[in-house]
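Listed below are the residues making up each chain.
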Amino acid sequence: MFVCLRLALPTPVRRLFDYLPPQHIDNNNLIIGIRVKVPFRSRTLIGILVEIAHASTVPSTKLKTAIELLDSKPLLPKDVYRLCCWAADYYHHSLGEVLMSALPALLRKGRRPVAREMPMGSTAAGDTFRTLNIAQQAAVTTIHTAQNHFRVFLLNGVTGSGKTEVYLHAIANILNNKQQILVLVPEISLTPQVIERFRARFAIPIAALHSGLSEQERLATWLAAKSGMVSIVIGTRSAIFTPFANLGLIIVDEEHDNSFKQQDRFRYHARDLAIMRANMGRFPIVLGSATPSLESLYNVKRGRYQVLLLPDRAGEATLPRYVVLDLRSALVKQGLSRDLLDAMQVHLRQGNQVILFLNRRGFAPVLYCVQCGWVAECKRCDTNMVFHREPCKLHCHHCDARCPVPDTCMQCGYTGLQPLGLGTQRLEQTLMACFPHVPIIRVDRDNTRRKGAIQDLLKKINQQKQAILLGTQMLAKGHHFPRVTLVGIVDADSSLFSTDFRAPEQMGQLLLQVAGRAGRAERSGTVMIQTRYPDHALLKMLLHQGYQHFSTALLVEREQMGLPPYSYLAIFRAESYCEERAHHFLAAVKKLNVPHAITALGPVPALLARRKGLHCFHLLVKASHRGILQNYLKSVLPEAEKLATRRSVKWALDVDPVEM
Ligand code: ADP
Ligand code: ZN
Ligand code: ZN
């Protein structure tokens with residue numbers, strides 16, 4: 001009988017590809033889910049066998065023959081395979097690319113699924129469980145009652161309220177039940193401390209999955225989780241596809257964090273996929289945050305998620321005091337007001353640590369000519385080059401282009417080019433002059449690229465007594481610095497005015513995350529916020545009434561404006577070296593059948609209108625229900641894929657976008 005293999009291949013094309021089985025193959029070896037090597041154009045590709053058909057739309061004379069079957073049984077367990085199928089459908093992405101992103105690189109390249117050794121790390125337990133306070137105990141008990149049932153919990157507790165302690169107790173219950181646990185964390189910089197804390201608590205193998213691992217280590221961890229050899233996996237967003245023998249709980253820490261959303265190619269949201277995975281696998285999931293996303297808060301309001309509140313800081317620690325410093329009337333020296341400098345003196349003299357937060361790396365964001373006003377810009381992007389001091393260069397933070405710093409103005413030849421504005425390197429220089437005897441530790445992307453660099457910096461911080469920690473958002477998230485008693489937010493204004501409707505939400509989350517670094521142990525903390533807009537309504541609400549009020553107000557605003565979570569969005573993004581072509585393609589998509597229930601806005605240039613020389617345009621589509629949006633996308637995409645104008649652009653669809 002005629003047999004044809006239908007394969008999901010790692011190409012962006014959203015369809016399956018038909019092949020004849022390799023010659024002299026026993027049909028019993030054709031099993032759904034195995035990898036198959038095939039010729040594709042002038043290359044060979046490795047795909048996954050998805051269907052075995054007895055007819056093909058391709059004439060049999062044109063069908064190519066597969067080269068080789070790589071497995072004797074399916075590589076992905078059924079639940080991960082099902083999750084991938086769901087994700088490919090929901091995000092309208094090629095199934096082949098989705099399945100491949102679920103595999104460790106070595107398996108994508110055709111390696112046999114065996115690992116040489118298990119780099120699992122030592123199991124140095126020794127830390128004991130803390131006695132929980134009443135709120136923590138209630139949370140742990142509630143999570144426990146949901147064992148083996150699908151339930152979504154939102155663990156909403158201020159920073160330092162003991163959320164991690166709740167995770168650890170909930171995990172212990174799952175381990176007693178002989179099940180495995182997946183913990184998703186937003187960023188690599190967060191993992192060392194989290195993993196240490198878990199390893200100190202449990203005398204069992206705990207695996208970390210993150211981009212810093214070698215391919216060999218990734219494969220070993222993947223296999224260990226699949227076979228049940230490892231009980232706890234902690235990882236960043238792609239760890240959501242890890243196979244488990246018996247998964248019983250997922251924890252998503254800092255669930256509001258945008259790094260759970262992949263921003264290129266397969267644009268999935270790991271938190272949302274985690275909820276779907278728990279739903280399919282019938283087990284509980286805990287989303288934890290001090291500043292939950294509006295989406296999750298809305299789901300609590302609708303009764304879909306159950307909220308678990310930790311209203312107070314655990315142990316003796318108290319919440320920090322806020323002080324707003326009006327930059328308009330203050331005496332300011334290199335971006336730091338007198339009051340902030342004085343407060344730093346006081347805290348440092350007491351042997352405490354101070355954090356200064358500035359979300360801008362480099363020396364200065366602008367290099368300009370005082371004579372003619374010329375500004376150094378990136379040749380390929382619509383943005384300024386950032387001036388860096390060590391090493392000395394101009395650097396585009398969008399396309400990574402670098403060039404030497406010019407001695408003279410490119411426009412008028414004047415020799416007095418000036419750096420304008422404040423970056424972390426410049427602030428570091430100022431601080432060294434103001435506090436010559438205090439260790440100053442900078443943490444940003446420029447000095448943490450090296451593997452292990454962030455661990456070294458964190459260790460240095462914990463070994464010091466008095467010190468100034470200075471950094472970008474890398475310093476803001478999750479870390480526990482018991483000696484920090486003062487946090488200074490150098491510039492709160494850059495986030496107050498943005499065209500992205502999510503900017504206020506993100507501003508509030510980041511501000512409170514940074515503030516949460518102050519006074520986490522027995523010493524109480526102070527947060528000083530420098531701003532030119534001390535009367536900004538949202539800022540005032542956040543500081544005086546707290547995140548609860550702030551987020552409720554934002555939700556009201558979103559509802560009035562018909563924005564998510566009260567509506568559902570997708571963005572068609574198109575790029576081309578030719579501005580018109582990008583625009584034309586999206587205009588053509590908009591002309592395709594758009595039902596009444598869909599609002600289409602655009603095409604408009606993206607916020608960064610040109611990147612790496614490519615002009616970027618957006619077409620935003622919006623619906624009041626998820627189903628309506630999905631149906632529209634399902635019907636319009638095949639049409640869009642046939643448009644003649646598509647050939648001259650690079651385009652992609654972003655479902656539930658988090659960045660405009
Ligand atoms: P979060 O994850 O909410 O920021 P953590 O779990 O890190 O909070 O707890 C903050 C600090 O409080 C940690 O030092 C932790 O050991 C301590 N802690 C947590 N729960 C308790 C408790 N029940 N009793 C005493 N200390 C606690
Ligand atoms: Zn000039
Ligand atoms: Zn650039």
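Higher on the page you've got the structure.
Residues numbered from 1 in each chain as written. Chains lettered and ligands numbered in written order. Predicted model: local features only at pLDDT ≥ 70, side-chain atom pairs only at ≥ 80, totals over all residues. Heavy atoms only, no water.

Caption draft 1: Main features of the coordination of the zinc ion (ligand 2). On the protein side, the zinc ion (ligand 2) has Cys369 (SG), Cys372 (SG), Cys409 (SG) and Cys412 (SG) as donor atoms, found 2.3 Å from it. Classification of the site at the zinc ion (ligand 2) rests on its four donor atoms, whose angles at the metal span 104 to 112°, yielding the label tetrahedral. Spacing between the donor residues of the zinc ion (ligand 2) along the chain follows C-x2-C-x36-C-x2-C. (Donors = N, O, S within 2.8 Å, 3.2 Å for Na, K, Ca; no water. Tetrahedral: all angles 85-135°; square planar, octahedral: opposite > 155°, others 65-115°.)

Caption draft 2: How the structure looks around helix α13 (residues 503-515). Counted at 1.5 Å a residue, the expected span for α13 with its 13 residues is 18 Å, and the 18 Å between its end C-alpha atoms agrees. Looking at α13, one finds that the buried residues are Ala503, Pro504, Glu505, Met507, Gly508, Gln509, Leu511, Leu512, Gln513, Val514 and Ala515. Of the surrounding elements, those touching the buried residues of α13 are α9 (294-301), β13 (321-326), β16 (353-357), β24 (484-489), β25 (526-531) and α14 (537-561). (Helix = DSSP H or I, 4+ residues; strand = E, 2+ residues; numbered from the N terminus. Expected span 1.5 Å × (residues − 1). Buried < 20%, exposed > 50% of the residue type's maximum accessible area, 1.4 Å probe, protein only. Contact = heavy atoms within 4.5 Å.)

Caption draft 3: How the structure looks around a positive patch on the surface. On the surface, Arg15, Arg41, Arg43 and Lys64 cluster together into a positively charged patch. Position of Lys64 among the secondary structure elements: in the loop between β4 (43-53) and β5 (68-69). On the basis of relative accessibility, which here comes to 39%, the residue Lys64 falls in the partly exposed class. (Patch = residues over 30% accessible without salt bridge, like charges linked within 9 Å, V, L, I, M, F, W, Y side chains within 5 Å. Areas by Shrake-Rupley, 256 points an atom, 1.4 Å probe, with all protein chains shown as cover. Salt bridge = Lys/Arg side-chain N within 4 Å of Asp/Glu carboxyl O. Lys, Arg positive; Asp, Glu negative; His and termini not counted. Charge placed at Lys NZ, Arg CZ, Asp CG, Glu CD.)

Caption draft 4: Just the environment of Arg14, in detail. Relative to the helices and strands, Arg14 resides in the loop between β1 (4-8) and β2 (17-19). With relative accessibility at 31%, the residue Arg14 sits in the partly exposed group. Residues Arg14 and Val252, spaced 238 residues apart in sequence, show a C-alpha to C-alpha distance of 30 Å. Setting aside anything within four residues of it in sequence, one finds Arg14 in contact with His92, His93, Ser94, Leu637, Pro638 and Glu641. Among the polar contacts listed, one links the side chain of Arg14 to the side chain of Glu641, at a separation of 2.7 Å. (Polar contact = N/O pair within 3.5 Å; in protein donor to acceptor, adjacent residues only side chain to side chain.)

Caption draft 5: Quick peek at the pattern of salt bridges. Enumeration according to the criterion identifies 32 salt bridges in this entry. Put simply, Glu295 and Arg502 hold a salt bridge, and the shortest N to O gap is 2.9 Å. Note that Glu295 is positioned in helix α9 and Arg502 in the loop between β24 and α13, a separation of 207 residues in sequence. On the basis of relative accessible area, Arg502 is assigned to the buried category, the value being 7%. Between Asp491 and Arg360 there is a salt bridge, and its shortest N-O distance comes to 2.9 Å. Of this pair, Asp491 sits in the loop between β24 and α13 while Arg360 sits in the loop between β16 and β17 (366-369); the two residues are 131 residues apart in sequence, bridging distant segments of the chain. Linked through salt bridges whose partners overlap, the residues forming this network are Lys261, Arg267, Arg573 and Asp654.

Caption draft 6: How the structure looks around the packing of aromatic side chains. By the definition in use, this model includes 13 aromatic pairs. Look at Tyr91 and Phe266: their rings are 6.1 Å apart centre to centre, the planes differ by 75°, and that puts the pair in the edge-to-face class. On the criterion of sequence distance, the pair formed by Tyr91 in the loop between α1 (78-90) and α2 (95-101) and Phe266 in the loop between β10 (247-253) and α8 (270-281) is long-range, its members being 175 residues apart. Accessibility classification places Tyr91 together with Phe266 in one group, the buried group. (Phe/Tyr/Trp six-rings, centres within 6.5 Å; stacked < 30°, edge-to-face > 60°.)

Caption draft 7: View of the packing of α9 against α14. Where α9 meets α14, the axes come as close as 11 Å, and the angle between the chain directions of the two elements is 85°. By the angle between their axes, α9 is roughly perpendicular relative to α14. Packed against α9, whose contacting residues are Leu294, Leu297 and Tyr298, the element α14 presents Tyr547, Ser551, Leu554, Leu555 and Arg558 at the interface. (Axes fitted to C-alpha atoms, helices over the stretch in contact; angles between N-to-C directions. Parallel < 35°, antiparallel > 145°, perpendicular 65-115°, else oblique.)

Caption draft 8: Seen up close, the environment of His54. Here His54 shows up in the loop between β4 and β5. When sequence neighbours within four positions are dropped, the list of residues in contact with His54 reads Met1, Phe2 and Val3. In this structure the side chain of His54 is engaged in a polar contact, spanning 3.0 Å, whose partner is the backbone oxygen of Phe2.

Caption draft 9: Looking closely at the side chain of His256. Summarising the element assignment, His256 is placed in the loop between β10 and α8. A distance of 3.5 Å separates a polar atom in the side chain of His256 from the backbone oxygen of Thr291. Contacts of His256, omitting those with residues within four sequence positions, involve Ser289, Thr291, Pro292, Ser293, Gln509 and Gln513.

Caption draft 10: Expanded view of the sheet that holds strand β6 (residues 152-157). Taken together, the seven strands give an open sheet; going across it, the order is β8-β9-β7-β10-β11-β6-β12, and neighbouring strands pair in parallel fashion. The open sheet terminates on both sides in strands that have one partner only, identified here as β8 (206-209) and β12 (306-310). Taken pair by pair, the neighbouring strands of this sheet meet at an average axis angle of 20°, ignoring direction. By the bridge criterion, four bridges tie β10 to strand β11 (residues 285-289) in an arrangement that is parallel. Pairing of Ile250 across the sheet is with Ile285, part of β11. (Pairing = 2+ DSSP bridges.)

Caption draft 11: View of the site of ligand 1. In the neighbourhood of ligand 1, 17 residues make up the surrounding shell, with Thr131, Gln136, Lys163, Thr164 and Arg197 lying closest. A distance of 2.8 Å separates a nitrogen atom of ligand 1 from a polar atom in the side chain of Gln136. Contact between ligand 1 and Gly162: an oxygen atom at 3.0 Å from a main-chain N or O atom of the residue. Summarising the interface, the protein chains cover 82% of the accessible area of ligand 1, which totals 560 Å² for the free molecule. Top element by residues in the shell around ligand 1 is helix α5 (residues 163-176). It accounts for three residues. Considered class by class, the residues forming the shell around ligand 1 number three nonpolar, nine polar and five charged. (Near = heavy atom within 4 Å. Nonpolar A, V, L, I, M, F, W, Y, C, P; charged D, E, K, R; others polar.)

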